[in-house]
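Below are the chains, spelled out letter by letter.
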Amino acid sequence: MSAAAPVVDARQFLRGHAPFSQLREDDLDFLAQHVEAVRFARGDVVLAPGHGAPQACFIVGQGAVEAVRQFGGRRETSADQTVFLVPGDVFPVGALMAQRPASSVYRAAGELDCWRLPKAHFDELLRRSEVFLDFCKRRMAALLELSNQALQASYAAEAAQWRTINAPLESMLRRAPVTCAPDTPIRRVFEEMEKERVGAMLVIETAADGAQSVAGILTRQDVIGRVVLPGVPLDAPIGNVMSAPVLTLDAGESVGAAMLLMAERSIRHVPVTREGRVAGVVTERDLFVLQRRSLRQIGDSIRQARGTGELRVAAEDIRQWSQSLVAQGVSAGFVTRLISRLNDQLSCRLIDLVATR
């Protein structure tokens with residue numbers, strides 16, 4: 001920021017823009033006498049949340065200001081909104097009146113000239129001018145409405161996956177399951193997984209009456225620990241290296257039930273059965289593709305925590321999840337069960353850490 005020679009007389013400039021054009025003459029004189037002209041180069045940050053409570057009000061003179069506003073104080077928010085302020089616009093009204101840091105980053109969109117009014121004189125103008133006070137109140141109301149609209153838009157976008165929580169797992173099945181018998185050679189299993197582009201192979205046993213049961217499962221994550229490192233021959237049957245037993249759910253169970261099962265048992269795949277036969281598989285990717293941080297990731301961060309600091313981060317993740325779910329209208333019962341399971345894991349890990357000290 002640098003001092004700038006006024007492009008035009010301050011009073012003349014202010015007289016040409018509302019609400020200043022509606023001020024009484026003595027109030028307009030007061031304002032013109034206490035502003036100073038300042039100049040910013042393209043990209044300069046005029047004001048940001050990290051600057052603390054603002055010490056001045058800015059009135060855009062020439063040029064434009066890019067204001068990037070973050071709603072809700074959430075990490076990784078998708079609700080950021082960019083607006084442009086043009087000559088005559090005033091900022092940051094809400095932060096000045098509430099005596100808090102700005103919620104937007106204000107940056108010069110090009111060469112920028114502003115009028116700067118110190119906070120003490122801003123407060124004095126509020127006291128002496130009903131016109132200016134009314135303008136600032138209406139500006140705050142408009143910003144609040146903008147915040148609400150942005151939050152609603154953000155949650156509407158995030159809610160796409162949560163609308164399916166009560167839907168049956170049947171609705172999540174996209175393809176027939178890829179299966180094999182327990183005596184299938186591991187090499188053939190790998191070839192089939194690669195050909196079908198799947199991350200898991202279900203091992204199926206079929207009874208004489210045609211009823212099927214899931215005997216086990218082998219996932220890509222299992223390959224190193226169960227096949228490569230132990231040096232298991234590729235002609236060995238998959239039954240020797242599969243994970244068993246396998247937890248399954250009926251196709252009529254809800255998507256939420258699968259989410260809870262994955263969170264509680266730390267698994268990525270849940271086979272789905274229908275009338276005694278395997279109908280398909282739902283994966284963590286299916287259920288949490290729209291989430292930046294999945295339930296399993298939170299669970300993993302709890303189990304792998306090496307200190308209370310890392311557990312505090314996980315606890316904050318849980319808190320944010322619960323707030324997001326409630327805001328999106330997810331049932332209280334589901335949120336309670338979900339958070340209870342994660343909190344149980346958190347408590348157990350904390351006890352383990354204390355016991356090993």
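For the structure given in this document, a descriptive report is provided here. (Residues numbered from 1 in each chain as written. Predicted model: local features only at pLDDT ≥ 70, side-chain atom pairs only at ≥ 80, totals over all residues. Heavy atoms only, no water.)

1. Some remarks on the overall build of the chain
Phase 1 of the analysis: Helix and strand counts for the chain come out as 12 helices and 15 strands.
Phase 2 of the analysis: Across the 357 residues of the chain, 43% fall into the buried class.
Phase 3 of the analysis: Once local pairs closer than 6 in sequence are excluded, the contacts in the chain between residues at least 24 apart make up 69%.
Phase 4 of the analysis: In the form shown here, the chain has an accessible surface area of approximately 18600 Å², with 51% of it arising from carbon and sulfur atoms. (Helix = DSSP H or I, 4+ residues; strand = E, 2+ residues; numbered from the N terminus. Buried < 20%, exposed > 50% of the residue type's maximum accessible area, 1.4 Å probe, protein only. Contact = heavy atoms within 4.5 Å. Areas by Shrake-Rupley, 256 points an atom, 1.4 Å probe, with all protein chains shown as cover.)

2. Regarding the sheet that holds strand β13 (residues 249-250)
Phase 1 of the analysis: The sheet built from three strands is open, its strands ordered β13-β14-β15 with mixed pairing. Edge positions in the sheet fall to β13 and β15 (277-283), since each of these pairs with one other strand and no more.
Phase 2 of the analysis: Bridge count between β13 and strand β14 (residues 269-274): two bridges; the pairing is parallel. Counterpart to Asp-250 in the pairing with β14 is Thr-273. (Pairing = 2+ DSSP bridges.)

3. Some details on the sheet that holds strand β10 (residues 179-180)
Phase 1 of the analysis: The strand order across the open sheet formed by three strands is β10-β11-β12, and the pairing between neighbours is mixed. Looking along the sheet, the strands with just one partner apiece sit at the ends: β10 and β12 (212-219).
Phase 2 of the analysis: Across two bridges, the pairing between β10 and strand β11 (residues 200-206) is parallel. Directly across from Cys-180, in β11, lies its bridge partner Val-203.

4. Here we look at the pairing of β14
Phase 1 of the analysis: In terms of burial, β14 is a largely internal element, five of the six residues being buried.
Phase 2 of the analysis: Two strands pair when backbone bridges link them, and β14 and β15 are joined in this way by six bridges, in the antiparallel orientation. In the strand pairing of β15, Thr-273 is matched with Val-278.
Phase 3 of the analysis: In this structure, the hairpin formed by β14 and β15 is closed by a connection of two residues, where Glu-275 is found at a positive phi of approximately 50 degrees.

5. Focus on the pattern of salt bridges
Phase 1 of the analysis: By the definition in use, this model includes 15 salt bridges.
Phase 2 of the analysis: A salt bridge links Arg-15 to Glu-25, with the shortest nitrogen-to-oxygen separation between them at 2.4 Å. Note that Arg-15 is positioned in helix α1 (residues 10-15) and Glu-25 in helix α2 (residues 25-34), a separation of 10 residues in sequence.
Phase 3 of the analysis: For the salt bridge of Asp-26 with Arg-24, the shortest nitrogen-to-oxygen distance reads 3.4 Å.
Phase 4 of the analysis: The exposure class assigned to Arg-24 is partly exposed, which follows from its relative accessible area of 48%. (Salt bridge = Lys/Arg side-chain N within 4 Å of Asp/Glu carboxyl O.)

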